[in-house]
Amino acid sequence: MKGILLAGGHGTRLHPVTVAVSKQLLPVNDKPMIYYPLSVLMLAGIREITVISTPADLPQIRRLLGDGSDLGLWLDYVEQPVPGGLAEAFVLAADAIGDAPVALVLGDNIFHGHNFYEILQRNSPDDIDGCVLFGYPVEDPHRYGVGETDADGRLIAIEEKPARPRSNRAVVGLYFYDNDVVDIAKNLRPSARGELEITDVNQHYLRRGKARLVDLGRGFAWLDAGTPGSLLAAGQYVHVLEERQGVRIACVEEVALRMGFIDAAACHELGSRQPSSEYGAYVRAVAEELS
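Residues numbered from 1 in each chain as written. Predicted model: local features only at pLDDT ≥ 70, side-chain atom pairs only at ≥ 80, totals over all residues. Heavy atoms only, no water.

## Remarks on the side chain of Asn202
1) Next: With respect to the helices, strands and loops of the structure, Asn202 is situated in helix H7 (residues 198–207).
2) Next: Judged by its relative accessible area of 4%, Asn202 falls in the buried class.
3) Next: Apart from residues lying up to four places away in sequence, Asn202 is in contact with Leu133, Ile158, Tyr175 and Tyr177. (Helix = DSSP H or I, 4+ residues; strand = E, 2+ residues; numbered from the N terminus. Buried < 20%, exposed > 50% of the residue type's maximum accessible area, 1.4 Å probe, protein only. Contact = heavy atoms within 4.5 Å.)

What follows is the structure, given as structure tokens:
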């Protein structure tokens, strides 16, 4: 399975902070926002990832992540000059996807919860047939795209910001698709706002009876860090958990080590590049513990 990390847009809801810096490089507690969705793809076992962003922001992101080899990854970068909708990501990354299935994660979405690794591994096989979406219970479903399922978890309806929601399960910014998604996206008609909509892609799979919705459930956290308030809340959430549990959420060096993408010596060397930071000390400690 290939991965797409969509880090486009201009971050207008965070202006003026994002006038000069990419939203995905803003700190969420102790690490850049982009580490959180990147770690999700890594936990799903995905090592070949296309990062999509604006021409202005891509050089900054590339400076942070490089070619991915330090983490045992292969990263390539594709420009999205103007926002063209989430589904445009599959068109822009078509060459990198090839004939493989693909996972798409949004660059400002943060996921954390018990057994998340198992959920990802269980639902991201290379022989996926159709699409797998993820649902999260919310108090205000009228603000989101909402999914309704039958008793077997098969998706039977998707409503975009419904006035009278039939479910409280918001469809979050993480999507798994078979390779048909590339052709589906290429043949979409732009919406009234001139974009290729991810909801139209999902409706296509829904009509074919090949869409599932996996509940992330209680005890799980899904945060969209795209506004000043939600960015602050995400940082506070991560800070409290890291302080109390003594672990780092979305530490990509640790994820790479535990997934077997790099060895302990390589992990320790990455931590040694940050000799004065608490984050670097944590990376070195993890490497020593698992060596």
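## Quick word on the packing of helix H10 (residues 264–272) against helix H11 (residues 278–290)
1) Next: Two elements in contact, H10 and H11, have axes separated by 7 Å at closest approach and are oriented at 165°. Between H10 and H11, the angle falls in the class roughly antiparallel. H10 and H11 meet at a crossing whose hand is left-handed. Residue-level contacts link Ala264, Cys267, His268, Gly271 and Ser272 of H10 to Gly280, Val283, Arg284, Ala287, Glu288 and Leu290 of H11. (Axes fitted to C-alpha atoms, helices over the stretch in contact; angles between N-to-C directions. Parallel < 35°, antiparallel > 145°, perpendicular 65-115°, else oblique. Left-handed = near helix turned anticlockwise from the far one by under 90°.)

## Quick notes on the packing of aromatic side chains
1) Next: Evaluation of the coordinates by the stated rule reveals nine aromatic pairs.
2) Next: Taking 5.3 Å as the distance between ring centres and 80° as the angle between the ring planes, the aromatic pair formed by Phe90 and Tyr177 counts as edge-to-face. Of this pair, Phe90 sits in helix H3 (residues 88–92) while Tyr177 is found in strand S11 (residues 169–177), placing the two residues 87 residues apart along the sequence.
3) Next: Residue Tyr177 is classed as buried on the basis of its relative accessible area of 0%.
4) Next: Chaining the aromatic ring pairs together yields one cluster made of Phe90, Tyr175, Tyr177 and Tyr205. (Phe/Tyr/Trp six-rings, centres within 6.5 Å; stacked < 30°, edge-to-face > 60°.)

## Some words on the pattern of salt bridges
1) Next: Scanning the entire structure with this criterion turns up 17 salt bridges.
2) Next: Taking the shortest distance from any N to any O, the salt bridge between Arg154 and Asp150 comes out at 3.3 Å.
3) Next: For Arg154, a relative accessible area of 39% corresponds to the partly exposed category.
4) Next: Here Asp150 falls in the partly exposed class, since its relative accessible area comes to 24%.
5) Next: Between Glu254 and Arg258 there is a salt bridge; the shortest N-O distance is 2.8 Å. In this pair, Glu254 and Arg258 both sit in helix H9 (residues 252–258), four residues apart, roughly one turn of the helix.
6) Next: Classification of Glu254 by relative accessible area gives buried; the value is 10%.
7) Next: What emerges from the salt-bridge pattern is a single network uniting Asp30, Lys31, Glu242, Arg248 and Glu278. (Salt bridge = Lys/Arg side-chain N within 4 Å of Asp/Glu carboxyl O.)

## What about the domain arrangement of the protein?
Interfaces are often sized by the amount of accessible area the parts lose when they come together.
1) Next: Partitioning the protein into structural domains gives domain 1 (2–250) and domain 2 (263–290).
2) Next: Here the C-alpha centre of domain 2 lies 28 Å away from the C-alpha centre of domain 1.
3) Next: In this assembly, eight residues from domain 1 lie in contact with five residues from domain 2.
4) Next: Interface area, domain 1 with domain 2, both sides summed: about 580 Å², of which 55% is carbon and sulfur.
5) Next: By the criterion of area lost to domain 2, the three top residues of domain 1 are Tyr35, Asp70 and Arg248, representing 71% of everything that side buries.
6) Next: Across the domain 1-domain 2 interface, the total number found is two salt bridges.
7) Next: Two residues, Asp70 and Arg273, come together in a salt bridge whose shortest N-O distance is 2.7 Å.
8) Next: Linking domain 1 to domain 2 there are two residue pairs in polar contact (both at pLDDT 80 or more). (Domains from an automatic or database assignment. Buried area = accessible area lost by both parts, 1.4 Å probe. Polar contact = N/O pair within 3.5 Å; in protein donor to acceptor, adjacent residues only side chain to side chain.)

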